[in-house]
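In case you want the letters, here they are:
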Amino acid sequence: MLGPTHGGHEMRRSLALTPEQLRDVRRDLAETLFDWGYGVVSDDVVLVVSELLANVYDYTNGHCDLLVRTQEHQVHITVTDSEMRVPSRIKDPFEAGRGWGLAIIDALTDQRVTIITRRGKNVCCTIEAPKEYAPPTGTTA
């Protein structure tokens, strides 16, 4: 589902992740953000979503819901999955050879929150467009 909502836009996807689907989501999201007029933050949003979905793929059964919505000069991202474990950083990613995902997410987002629910968790992130960016007016897709 994709379209305008409350002065912004939203894209919702229920996913059973495969490597091919990860690729398709990245491509569709980048195109959608440009269509909505949020190309200025497209690379950051796509990278954050990629890292969040990679965590779902690696640490859960691969099923999740993705919600990306815009509000004025912000892009809000929520990934919902069935795992109740809160994501945590690996202490020494150099030694582990992996574990950079949350560091990348935290560097690119203005806020990251994990909310534990009865069915799993929601990982919510916000990316703000640069101050000089004027968000699109109107609610047409």
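My aim in this report is to walk through the structure given alongside it, one point at a time. (Residues numbered from 1 in each chain as written. Predicted model: local features only at pLDDT ≥ 70, side-chain atom pairs only at ≥ 80, totals over all residues. Heavy atoms only, no water.)

1. What to know about the packing of helix α2 (residues 42-59) against helix α4 (residues 101-108)
The axes of two packed helices give the description: the angle between them and the distance between them. The line we're drawing: Lines fitted to C-alpha atoms define the axes, with helix axes restricted to the stretch in contact, and inter-axis angles between N-to-C directions lie between 0 and 180 degrees. Runs of E in the DSSP output that reach at least two residues are strands. Runs of H or I that reach at least four are helices, and both are numbered from the N terminus. Each angle gets one of four labels, with under 35 degrees taken as roughly parallel, over 145 as roughly antiparallel, 65 to 115 as roughly perpendicular, and the rest as oblique. Left-handed is the label given to a crossing in which the near helix is rotated counterclockwise from the far helix by less than a right angle, and right-handed is the label when the rotation is clockwise. Contact definition: two residues touch when any of their heavy atoms are within 4.5 Å. Each residue receives one of three labels: charged for Asp, Glu, Lys and Arg, nonpolar for Ala, Val, Leu, Ile, Met, Phe, Trp, Tyr, Cys and Pro, and polar for the others, Gly being one of them.
Across the interface, α2 lies against α4 with an axial gap of 10 Å and an inter-helix angle of 150°. On the basis of their axis angle, the class for α2 and α4 is roughly antiparallel. Judged by the sense of rotation from one axis to the other, the crossing of α2 with α4 is left-handed. Counted together, D44, L47, V48, E51, L52 and N55 of α2 and G101, L102, I104, I105 and L108 of α4 form the full contact between these two elements. Partitioning the contact of α2 with α4 into residue classes produces seven nonpolar, two polar and two charged.

2. A look at helix α1 (residues 19-36)
The line we're drawing: Here, expected helix span is obtained from the residue count minus one, scaled by 1.5 Å. Accessibility here uses a 1.4 Å probe with only protein chains present; expressed as a share of the type maximum, an area under 20% marks a residue as buried, one over 50% as exposed, and anything in between as partly exposed. It is the directions from the helix axis to the C-beta atoms whose arc is reported.
Between its first and last C-alpha, α1 extends 26 Å over 18 residues, near the 26 Å set by a 1.5 Å rise per residue. All of the buried residues in α1 are L22, V25, D28, L29, T32, L33 and W36. One side of α1 holds all its buried residues, which, seen down the axis, span an arc of 135°. With respect to the buried face of α1, the exposed residues turned more than 90 degrees away are F34 and D35. Taken from the residues just after α1, G37 is the one with a positive phi, measuring 90°.

3. Digging into α4
Along α4, the positions that sit buried rather than exposed are G101, L102 and I105. One side of α4 carries all its buried residues, which in axial view fall inside an arc of 90°. Buried residues along α4 sit against α2, β5 (111-117) and β6 (120-128).

4. Some details on the pattern of salt bridges
As a reminder of what qualifies: Salt bridges are defined as contacts in which a side-chain nitrogen from Lys or Arg sits within 4 Å of a carboxyl oxygen from Asp or Glu.
If you walk through the whole model with that rule in mind, you get eight salt bridges. Where D28 meets R13, a salt bridge forms, and the shortest distance between an N and an O atom there is 3.4 Å. Placement of D28 in helix α1 and of R13 in strand β2 (residues 8-16) is noted, with a sequence separation of 15 residues between them. R13 sits in the partly exposed class, given a relative accessible area of 25%. With a closest N to O distance of 3.2 Å, D28 and R27 form a salt bridge.

5. Some details on the side chain of T60
Under the convention used in this document: Distance and chemistry together define a polar contact, namely a pair of N or O atoms within 3.5 Å, with one atom able to donate a hydrogen and the other to accept it when in protein, and with adjacent residues in sequence counting only for side-chain atoms on both sides.
Mapped onto the elements, T60 comes out in the loop between α2 and β3 (63-71). A distance of 2.6 Å separates the side chain of T60 from the backbone oxygen of V56, its partner in a polar contact. Within the structure, T60 has its side chain in polar contact with the backbone nitrogen of G62 (distance 3.0 Å).

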